[in-house]
Amino acid sequence: MDILQLLPIAKAAGAAILKIYHDPNQANVVDYKADDSPLTLADQAANEVIVAALRKNYPETHIISEEGKDIPYEVRSKWETFFLVDPLDGTKEFIKRNGQFTVNIALIENGKPVMGVVYTPVTDTMYYGQAGKGAFKQVGDAPAEALKVNQKAENRIAVRSASHASPEEEEVLNKYGVTDEMSVGSSLKFCMVAEGKADLYYRHGPTMEWDTAAGQAVVLAAGARMYIGNTEETEFTYNKENLLNPGFLVLGF
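Residues numbered from 1 in each chain as written. Predicted model: local features only at pLDDT ≥ 70, side-chain atom pairs only at ≥ 80, totals over all residues. Heavy atoms only, no water.

### So, the environment of threonine 40
In this fold, threonine 40 is placed in strand S2 (residues 38-40). The exposure class assigned to threonine 40 is buried, which follows from its relative accessible area of 1%. Separated by 144 residues in the primary sequence, threonine 40 and valine 184 have C-alpha atoms spaced 20 Å apart. Not counting residues up to four positions away in its chain, the partners in contact with threonine 40 are Val29, Val30, Leu88, Thr91, Phe94 and Ile95. Among the polar contacts listed, one links the side chain of threonine 40 to the backbone nitrogen of alanine 42, at a separation of 3.2 Å. Separated by 2.6 Å, the side chains of threonine 40 and aspartate 43 make a polar contact. (Helix = DSSP H or I, 4+ residues; strand = E, 2+ residues; numbered from the N terminus. Buried < 20%, exposed > 50% of the residue type's maximum accessible area, 1.4 Å probe, protein only. Contact = heavy atoms within 4.5 Å. Polar contact = N/O pair within 3.5 Å; in protein donor to acceptor, adjacent residues only side chain to side chain.)

The structure is reproduced here in structure tokens:
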């Protein structure tokens, strides 16, 4: 599978999102799921675009999407390869209208994200990465540039959530010699580490598998490491019985 074939799918989903984002009558329509997380018309529109394109181009590859996640574990546990999709990551950022939301498409093989695309529609910025082939950033139609983590030994910068934060983060940041921080929404936090604008990303609170898969694929392809919890012990994997993620630590050094 060629990751470049996923880029136009992400862009098409982004176009569907922007059409709603720039229409006040649609952008302000917000529903709430059972867990009280917001759901917009843009989430649904982007999901339809992505799922239709993946089914057309890769009919034999299964799909788990945030908007189509109710697949029994006894079924999906047998899947060695599948797409893991978050059609609009950062719905809260969409509602705040700060532009920091993304389209996420990842390919999972044997529990690991081997390919991922993170697209920011508002800035037309594409991050993508594939195991063994590197990570890249492309803005508009400009040539793609290769990404590499910083590997800084001191004066590290942490990236933190624009909508979530926890006191537990402070302990981890101190442990790794963080002297500065930046805040950004959605899976862009992974991308900040991948392109060297940040060195560390720690998330104490829970996320879902589709929130992290594409970003993890990008940042790992750029040379980072990602672990469960706040220690460098257990690698982060996917297709668990419960799709809720534990906390995690991303290190770009």
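Still more to cover.
### Focus: the layout of surface pockets
Its volume calculated, the second largest pocket comes out at about 220 Å³. Contributing to the lining of the second largest pocket are Lys112, Pro113, Gln216, Leu220, Ala224, Arg225, Met226, Tyr227, Glu235, Phe236 and Thr237. At the level of elements, strand S6 (112-120), helix H8 (209-221) and strand S14 (225-228) are the ones that each hand at least two residues to the lining of the second largest pocket. The dominant element in the lining of the second largest pocket, judged by the number of residues it contributes, is S14, at three residues. Grouping the constituent residues of the lining of the second largest pocket by class yields six nonpolar, two polar and three charged. (1 Å grid on protein atoms, 1.4 Å probe; cavity = no way out; pocket = protein on both sides within 12 Å on 5 of 7 lines; lining within 4 Å. Points joined across faces, edges and corners; volume = space filled by probe spheres on them. Nonpolar A, V, L, I, M, F, W, Y, C, P; charged D, E, K, R; others polar.)

### A closer look at the environment of valine 118
Residue position: valine 118 is located in strand S6. Sequence separation of valine 118 and asparagine 104 is 14 residues, and the distance between their C-alpha atoms is 4.8 Å. If we ignore the near neighbours within four places in the chain, the residues touching valine 118 are Thr102, Val103, Asn104, Thr125, Met126, Tyr127, Ser187, Cys191, Ala214, Gly215 and Val218.

Read these as spatial facts, not as claims about activity.
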